[in-house]
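# What the coordinates show
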Amino acid sequence: MLSIKNLHVAINGKEIIKGLSLEVNQGEVHAIMGPNGTGKSTLAAVIAGREDIFEVTEGEIIYKHKNLLDLSIEDRAREGIFLGFQYPVEIPGVSITNFMRTAINEIRQYKGLDQLSGAEFLKKMDDAKKLVGIQSKLTNRSVNEGFSGGEKKKNEIFQMALLQPELAILDETDSGLDIDALKIVAKGVNSLRSPENAIVVITHYQRLLDYIVPDFVHVLYEGKIVKSGGKELALELEAKGYDWLKSEV
Amino acid sequence: MKVTTKKVSLKDKMIRLFTENQALVFQHDTPEISDRRRIAFEEFKLAGFPDTRVENWRNTDLTKVLEADYNYYFQPTFSEGTDLKKIFRCDIPHLHTDMISQLNGWFVSENGSIKTNPDGVIIGSLSAASERFPELINRHLGKYADNKKSGFVALNNAFATDGVFIYVPDNVQVKVPLQMVNIINHDKDIFIQNHNLVIVGKNSELRLVQCDDSVNQQRSLINTVTEIFIDENASLDHYKLQNKNDASTLINNMFFHLERDAKLSTNAITLNGGLIRNENYVRLNGENCEANIMGVYLVDKKQHVDNQVFVDHAFPNCYSNEMFKGIVDDSARAVFNGHILVRKDAQKTNAFQRNKNILLTDKATVNSKPFLEIYADDVKCSHGATVGQLDQTAMFYLRSRGIGIENARMLLLYAFAAEIINHIKIEQLKTRIDDMIKKRLRGELSICEQCVLHCSTMEKPVEFEIDMDKI
Ligand SMILES: Nc1ncnc2c1ncn2[C@@H]1O[C@H](COP(=O)(O)OP(=O)(O)OP(=O)(O)O)[C@@H](O)[C@H]1O
Ligand SMILES: [Mg+2]
């Protein structure tokens, strides 16, 4: 479904991702771990299409047999890619309701589907709210404005539940969550799991992987994936840290 | 042989016109008003039209505007009984207002030049009011519009003979909003000066919507003065809607005078206009006054909008809040000058000021300048000005959910403007302005044959719904 080959990405001429390759197939859950500042969020943003600050200098990304790098940000989303932001953006004056309704209808238009009626949309909102356990109090507010760290993360999962992506990339969605919220987020993610969909979670904590059990764990280190393995790799990292990997680079 | 004559300046032309047309200018005056005219005329002769050497005009250059050869009229340019409905019609859905019309600055009467409503409110032409209510006119007219403010104010005080007169007696809550519409429709370049006077009596409440529109593409220069007196404990909710053609220049001088416990909310919404200069003078002339002075402007092409606010805190315990926001596209230019004066005795003053701008291109410019002049020591004042681009991180966030670039821009720009629009307290008006702003942002709004409030097609709500409750 997603095939990244020899990807190089630079910011202001400085190379951040240095020849990264990754294969993600339908039905799989991948976890990406790695020290701070090694390029995990950069990778996620590049997949979502952020090109004003990140420059792909080499390599290719194929998604559902399409050259992903040719697609605009919005078309990638319309093709089923969802990025859960590490730092969700505050947008004063734009209500979540209006935001999501606009998004859903644009995606439907792209797919040649009819616009959702108000009632249908409200029903979807209700379902997603129940799944994520957030209240109308929150969804009636401006997008992320004045939200707590945890509320912002829940709001990302709420949006994911509404948009039903085929490939979800969740960048540290577990950071800053209390244990109950973590379970809710995991429930949201697991409800998306299906033989057709794929999920990539970026995390620093093995804890999350108790709830979202990955098929593969990768270590991103200095712009490359230096080690891949099964879920036991996460436990090994938790125990040993990253230093021992230096020898493998 | 070819004879070249030096072109007469507009200033000289106005001086000559005044002298030649005294009979018409003075015809409705009380002796007091005639005296005020003469003084104003002398002030104008001294000051002339402002140029960019004057500090407050540094960023608004009128050279080109003043070079044009305008026609000036001392009498209405249309015949009695003109059917205004043929030129223009109001169709804000469900908005019920008491409409007061001016055509080219002249009061248009449907049934007499002055009337008294059942609630005691008097509405009429300024010239008729001068004859019928000389004491009221003597007491207020020209008392707030200070000749020293600019040559335009002095010129208007000297020349203007007509405009709208509104009097709300004490203790009346005017139920239906009053809507003043000034339509410009003339087949030659025209210079117009009208003068409005609004008096809101003690403990009374008034909602007033002022619309400035052009109905054709002809060049015009309008120098208008509106004096508004808000007596003790009275309140005024005021809106100024500006949707004029690109060849028009509007110099809009507003003078608000508040007595103790009075409340003012004024909101200037500029959707289009060649050159618009709004001068707002707010005098807080008693304790416990409250003034909210707001504005939102959307300009593009080569348009120029200039908002000047002067708030005069003359008494203790008053509150004023200025908030102006603008979206500036193409090579348009926006100017904001906010001057807060807190006089020595105005202790416990709260005075705030904000001006925020989004520039959509490299060629768009904003000049924003706060000026706080504080002589009291126990005051809370703040000011802030921002000029920025559309937030790229926010754009990425919206687009990453599947929203196309156009709608993402719209959402962000609309949200930016909505902070001001949300303060519109007349619900139908708010809905309409909301709609106009969206159209304007999409580039669909033109000042076509009708005014800001009279575009007949409401947009389809599907694509862009703001209010949760409307779903
Ligand atoms: N907008 C930017 N401008 C300049 N440098 C940036 C920018 N974004 C990221 N970087 C740099 O790129 C490198 C990789 O950052 P990235 O956010 O991808 O790391 P990360 O692996 O997600 O780290 P963390 O675990 O702390 O989230 C870092 O050195 C960071 O400082
Ligand atoms: Mg990161």
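Just so you know, the residues in each chain are numbered from 1, in the order the chain's sequence is written. For naming, the first written chain is A and the first written ligand is 1, with later ones following in the order written. Where local features are concerned, this predicted model is filtered to residues with pLDDT of at least 70; where side-chain atom pairs are given and counted, the filter is 80 or more; whole-chain, interface and lining totals use all residues. Excluding hydrogens and water, the side-chain values take into account all heavy atoms of the structure.

### Comments concerning the overall build of chain B
The cut-off we apply is this: Only DSSP runs of H or I covering at least 4 residues are called helices, and only runs of E covering at least 2 are called strands; the numbering of each starts at the N terminus. Exposure is judged per residue with a 1.4 Å probe applied to protein chains only, and the accessible area is read against the type maximum: over 50% gives exposed, under 20% gives buried, and values in between give partly exposed. Any two residues having at least one pair of non-hydrogen atoms within 4.5 Å are treated as being in contact. We get accessible surface area from the Shrake-Rupley algorithm with a probe of 1.4 Å; when it comes to residues, only the shown protein chains can shield them.
Helix and strand counts for chain B stand at 11 helices and 21 strands. Across the 471 residues that make up chain B, the buried fraction comes to 60%. Partitioning the intrachain contacts of chain B with sequence separation of at least 6 by distance along the chain shows that 83% fall at a separation of at least 24. By element, 48% of the accessible surface of chain B is carried by carbon and sulfur atoms, the whole surface being about 19,100 Å².

### Here's the deal with the overall build of chain A
Applicable threshold: Counting rule applied: Lys, Arg positive; Asp, Glu negative; His and chain ends not counted. Throughout, a charge is located at the NZ atom of Lys, the CZ atom of Arg, the CG atom of Asp or the CD atom of Glu.
Of the regular secondary structure elements, chain A holds nine helices and 12 strands. By principal-axis analysis of the C-alpha atoms, chain A measures approximately 55 × 40 × 35 Å. Going through the 249 residues of chain A one by one, you find that 56% of them count as buried. Here the contacts in chain A between residues at least 6 apart in sequence split such that 67% fall between residues at least 24 apart. Of the roughly 10,500 Å² of accessible surface on chain A, 49% is carried by carbon and sulfur atoms. Side chains of chain A carry 30 positive and 36 negative charges; the gap between the two charge centres is 4 Å.

### Regarding unusual backbone geometry
The residue K64 of chain A is not glycine, and still its phi comes out positive at about 45°. Turning to its location among the elements, K64 of chain A is positioned in the loop between β4 (54–63) and β5 (66–67). Judged by its relative accessible area of 26%, K64 of chain A falls in the partly exposed class. The backbone of N171 of chain B sits at a positive phi, close to 60°, despite the residue not being glycine. Looking at where N171 of chain B falls in the secondary structure, it is placed in the loop between β6 (164–168) and β7 (178–184).

### Side note on the coordination of the magnesium ion (ligand 2)
Residue and element names in this part refer to chain A. How we decide: Note that water is not among the atoms used; donors are N, O and S atoms within 2.8 Å of the metal (3.2 Å for Na, K and Ca), so sites may look incomplete.
Taken together, the protein donors to the magnesium ion (ligand 2) comprise S41 (OG) and Q86 (OE1), at separations of 2.0 to 2.1 Å. One end of the pair, S41, is in helix α1 (residues 40–48); the other, Q86, is in the loop between β6 (81–84) and β7 (91–95), with 45 residues separating them in the sequence. For Q86, a relative accessible area of 17% translates into the label buried.

### Looking at the pairing of β6 of chain B
Residues and elements named next belong to chain B. Threshold: Two strands form a pair only when DSSP identifies at least two bridges running between them.
For β6, the tally of buried residues reaches five of five residues, placing the bulk of the element in the interior. Residue alternation in β6 divides its side chains into two sets, V164, I166 and V168 and F165 and Y167, and both sets are buried. Pairing between strand β5 (residues 122–125) and β6: four bridges, direction antiparallel. Counterpart to S125 in the pairing with β6 is V164. Here four bridges tie β6 to strand β8 (residues 190–200), and the two strands are oriented parallel to one another.

### A few points about the site of ligand 1
Residue and element names in this part refer to chain A. Note the following rule: Throughout this document, a residue counts as near a molecule or strand when at least one of its heavy atoms sits within 4 Å of that molecule or strand. We define a polar contact as two N or O atoms separated by no more than 3.5 Å, with the added condition that, inside protein, one atom must be a possible hydrogen donor and the other a possible acceptor, whereas residues neighbouring each other in sequence contribute only through side-chain atom pairs. All amino acids are sorted into three groups, where Ala, Val, Leu, Ile, Met, Phe, Trp, Tyr, Cys and Pro are nonpolar, Asp, Glu, Lys and Arg are charged, and the leftover types, Gly among them, are polar.
Among the 13 residues in the neighbourhood of ligand 1, the closest are listed as G37, K40, S41, T42 and H204. Contacts to ligand 1 include N36, whose side-chain N or O atom sits 3.0 Å from an oxygen atom. Protein chains shield 65% of the accessible area of ligand 1, which is 630 Å² for the free molecule. Classifying every residue of the shell around ligand 1 gives three nonpolar, eight polar and two charged.

### Let's talk about the sheet that holds strand β1 (residues 2–11) of chain A
Residue and element names in this part refer to chain A. Note the cut-off: Between N-to-C directions, angles cover 0 to 180 degrees, with each direction set by a line fitted to C-alpha atoms, over the stretch in contact for helices.
With antiparallel pairing, four strands are arranged side by side in an open sheet as β2-β1-β4-β5. One side of each edge strand has no neighbouring strand; the edge strands of this open sheet are β2 (14–24) and β5. Sheet topology places β1 next to β4; eight bridges connect them, and they run antiparallel. Considered in β4, the bridge of L2 is made with Y63. Contacts from α1 reach β1, β2 and β4 within the one sheet, and its direction differs from that of β1 by about 110°.

### Regarding the packing of helix α1 (residues 10–20) of chain B against helix α8 (residues 151–159) of chain B
All names here are of chain B. The condition that has to hold: Any angle between 65 and 115 degrees counts as roughly perpendicular, while under 35 counts as roughly parallel, over 145 as roughly antiparallel, and the rest as oblique. Crossing handedness is read from the near helix: turned anticlockwise from the far helix by less than a right angle, it gives a left-handed crossing, and turned clockwise, a right-handed one.
At their nearest, the axes of α1 and α8 sit 11 Å apart, and the two run at 20° to each other. Between α1 and α8, the angle falls in the class roughly parallel. Crossing of α1 over α8 shows left-handed handedness. Across the interface between the two elements, M14, L17 and F18 from α1 touch L155, A158 and F159 from α8.

### Focus: the sheet that holds strand β12 (residues 224–229) of chain A
All names here are of chain A. Here six strands make up an open sheet; going across it, the order is β6-β9-β10-β3-β11-β12 and the pairing mixed. Strands at the two margins of the open sheet, each flanked by one partner only, are β6 and β12. In this sheet, adjacent strand axes meet at a mean angle of 20° when their direction is disregarded. Sheet topology note: the strand β3 (residues 29–33)/strand β10 (residues 198–202) ladder contains four bridges and is parallel. Opposite A31, over in β10, you have V201 as the bridge partner. The strands touched by helix α9 (residues 232–240) are β3, β11 (216–221) and β12; relative to β11, the strand with the most contacts, the crossing angle is about 45°.

### Description of the side chain of Q303 of chain B
Residue and element names in this part refer to chain B. Looking at the element boundaries, Q303 is found in the loop between β15 (290–299) and β16 (304–313). Note on Q303: relative accessible area 2%, which makes it buried. A polar contact is formed between the side chain of Q303 and the side chain of D246, at a distance of 2.9 Å. A distance of 2.8 Å separates polar atoms of two side chains, one belonging to Q303 and the other to N272. Ignoring sequence-local partners within four residues, the contact set of Q303 consists of D246, N272, G273, G274, L298, A332, R333 and R440.

### Comments concerning the interface of chain A and chain B
Put simply, the test is: As a working definition, buried area equals the accessible area (1.4 Å probe) given up by two parts on being put together, with both sides summed. By convention in these notes, a salt bridge is any Lys or Arg side-chain nitrogen within 4 Å of a carboxyl oxygen on Asp or Glu.
The partner chain B presents 24 residues to the 41 residues of chain A that form the contact. When residues of chain A are sorted by the area they lose upon contact with chain B, R50, I73 and N98 of chain A head the list and together hold 19% of the total. One can count two salt bridges joining chain A with chain B. Salt-bridge contacts for R401 of chain B lead to E156 of chain A; the nearest nitrogen and oxygen are separated by 2.7 Å. Across the contact surface, chain A and chain B share 11 residue pairs in polar contact (both at pLDDT 80 or more). Sorting the residues of the side of chain A that touches chain B by element identifies α1, α2 (73–78), β6, β7, α3 (96–110), α4 (118–132) and α6 (149–163) of chain A as the ones contributing at least two each.

### Thoughts on the side chain of H304 of chain B
Residues and elements named next belong to chain B. Inspection of the secondary structure assignment puts H304 in strand β16. Accessibility expressed as a relative area gives 11% for H304, which makes it buried. If sequence neighbours within four positions are ignored, H304 has contacts with N59, T60, G273, G274, L275, I276, R333 and V335.

### Considering the environment of F191 of chain B
All names here are of chain B. Mapping F191 onto the fold places it in strand β8. Accessibility expressed as a relative area gives 3% for F191, which makes it buried. Linking F191 and Y73, residues 118 residues apart in sequence, is a C-alpha distance of 8.0 Å. Those residues in contact with F191 that lie beyond four places of it in its chain are L10, M14, Y70, N71, Y72, L155, L221 and N223.

### Description of the pattern of salt bridges
All names here are of chain A. Taken as a whole and assessed by the stated rule, the structure comprises 40 salt bridges over all chains. Between K66 and E79 there is a salt bridge, with the nearest N and O atoms lying 3.4 Å from each other. On the criterion of sequence distance, the pair formed by K66 in strand β5 and E79 in the loop between α2 and β6 is long-range, its members being 13 residues apart. Its relative accessible area of 11% is what places E79 among the buried residues. A single network of salt bridges, built from pairs that share partners, joins K64, K66, E79 and E166.

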